[in-house]
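Examining the three-dimensional arrangement
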There are 2 protein chains.
Amino acid sequence: MFISKINIRIRDTILDPQGKAVEHSLQSIGFNSVKDTRIGKYIELKIDASTEKEAGKITEEACRKLLANPVMEDYEFEIFPFGEKNK
Amino acid sequence: MFISKINIRIRDTILDPQGKAVEHSLQSIGFNSVKDTRIGKYIELKIDASTEKEAGKITEEACRKLLANPVMEDYEFEIFPFGEKNK
């Protein structure tokens, strides 16, 4: 059993109004050193696979087919054995 | 300049209907090995700080004060120098 932790972010060339809104909120409560904010999705999948490589292949395919929008978004993920490094 | 990459996730004890919906979608298109799915937020902040420690402190404070809901959510983050490991 493996856990894959996936970060999906909007590409830099595409406007991120949610990120801009959070950036303004942060600056309005005094975080003046925050210069740029981008918001994306964080997805955790628990995958029943026998090897880390297999879990990676399933994650990659799930991102391509369903989780990420390949036109507007980039994704990256890491695989961890279940039980280790997981809350 | 540093980039902090923040993952915010709903605590395990709290129901995640969005995650369940994605889990069912994945299973319906043939990903039967995906057993559990949780969805959270991924936030990237560009921080104008002189040290990694200072950037970490600002990120921690921003999570506590604005970005995460301390009752329902957990967060974790990593800090990277800007220019390295960033798209």
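Residues numbered from 1 in each chain as written. Chains lettered and ligands numbered in written order. Predicted model: local features only at pLDDT ≥ 70, side-chain atom pairs only at ≥ 80, totals over all residues. Heavy atoms only, no water.

A look at the pattern of salt bridges
What counts, and what does not: Within this document, salt bridges are pairs made up of a side-chain nitrogen of Lys or Arg and a carboxyl oxygen of Asp or Glu, the two lying within 4 Å of each other. To qualify as a helix, a DSSP run of H or I must reach at least 4 residues; to qualify as a strand, a run of E must reach at least 2; elements of each kind are numbered from the N terminus.
Evaluation of the coordinates by the stated rule reveals 17 salt bridges over all chains. Here A:Glu73 makes a salt bridge to A:Lys41, at a shortest N to O gap of 3.8 Å. Here A:Glu73 is found in strand 3 (residues 73–81), whereas its partner A:Lys41 is found in strand 2 (residues 34–47), with 32 residues between them in sequence. For A:Glu76, the salt bridge is made with B:Lys5, and the minimal N-O distance between the two is 3.6 Å. Here A:Glu76, found in strand 3, pairs with B:Lys5, found in strand 1 (residues 2–10), and the two come from separate chains. Bridged by salt links that share partners, the residues A:Glu44, B:Arg9, B:Asp12 and B:Arg38 form one connected network.

Thoughts on the environment of B:Ile39
So the rule is basically this: Only protein chains enter the accessibility calculation, which uses a 1.4 Å probe. A residue is then buried if its area is under 20% of the maximum for its type, exposed if over 50%, and partly exposed in between. Contacts are residue-level and defined by heavy atoms, with any inter-residue pair within 4.5 Å sufficient.
By the secondary structure assignment, B:Ile39 is in strand 2 (residues 34–47). Relative accessible area serves as the criterion here: at 6%, B:Ile39 is assigned to the buried category. Between the C-alpha atom of B:Ile39 and that of B:Lys20, which follows or precedes it by 19 residues, the distance is 8.9 Å. B:Ile39 has contacts with A:Tyr42, A:Ile43, B:Ile10, B:Asp16, B:Gln18, B:Gly19 and B:Val22, leaving out every residue within four places of it along the chain.

Structural notes on the sheet that holds strand 1 of chain B
As a reminder of what qualifies: Pairing between strands requires that DSSP locate at least two bridges from one strand to the other. An axis is simply a line fitted to the C-alpha atoms; with a helix, the fit covers only the stretch in contact. Between two such axes, the angle follows the N-to-C directions and lies from 0 to 180 degrees.
Across the sheet, which stays open at both edges, the 6 strands sit in the order 3(A)-1(A)-2(A)-2(B)-1(B)-3(B) with antiparallel pairing between neighbours. A strand with exactly one partner marks an edge of an open sheet, and here the two such strands are strand 3 of chain A together with strand 3 (73–81) of chain B. Strand-to-strand twist across the sheet, computed as the mean angle between neighbouring axes with direction ignored, equals 20°. Bridge analysis of strand 2 of chain A against strand 2 of chain B gives 13 bridges, and the strand direction is antiparallel. Counterpart to A:Gly40 in the pairing with strand 2 of chain B is B:Tyr42. The sheet contacts of helix 1 (residues 17–28) of chain B involve strand 2 of chain A together with strand 2 of chain B, and relative to strand 2 of chain B the element is tilted by about 120°.

Comments concerning the confidence of the model for chain A
Definition in use: How sure the predictor is of each residue is captured by pLDDT, a score from 0 to 100.
Here chain A averages 92 in pLDDT, while 95% of its residues score no lower than 70. Here the predicted complex scores 0.88 on pTM and 0.86 on ipTM.

Details of the packing of helix 1 (residues 17–28) of chain A against helix 2 (residues 52–67) of chain B
What counts here: Roughly parallel means an angle under 35 degrees; roughly antiparallel means over 145; roughly perpendicular covers 65 to 115; every other angle is labelled oblique. In the scheme used here, Gly and all other residues not listed as nonpolar or charged are polar, with Ala, Val, Leu, Ile, Met, Phe, Trp, Tyr, Cys and Pro taken as nonpolar and Asp, Glu, Lys and Arg as charged.
Where helix 1 of chain A meets helix 2 of chain B, the closest approach of the two axes is 11 Å, and the angle between their N-to-C directions is 105°. One element, helix 1 of chain A, and the other, helix 2 of chain B, form an angle in the roughly perpendicular class. For the pair helix 1 of chain A and helix 2 of chain B, contact is made by A:Val22, A:Ser25 and A:Leu26 and by B:Ala62, B:Leu66 and B:Leu67, respectively. Here the contact of helix 1 of chain A with helix 2 of chain B is built from residues that sort into 5 nonpolar, 1 polar and no charged.

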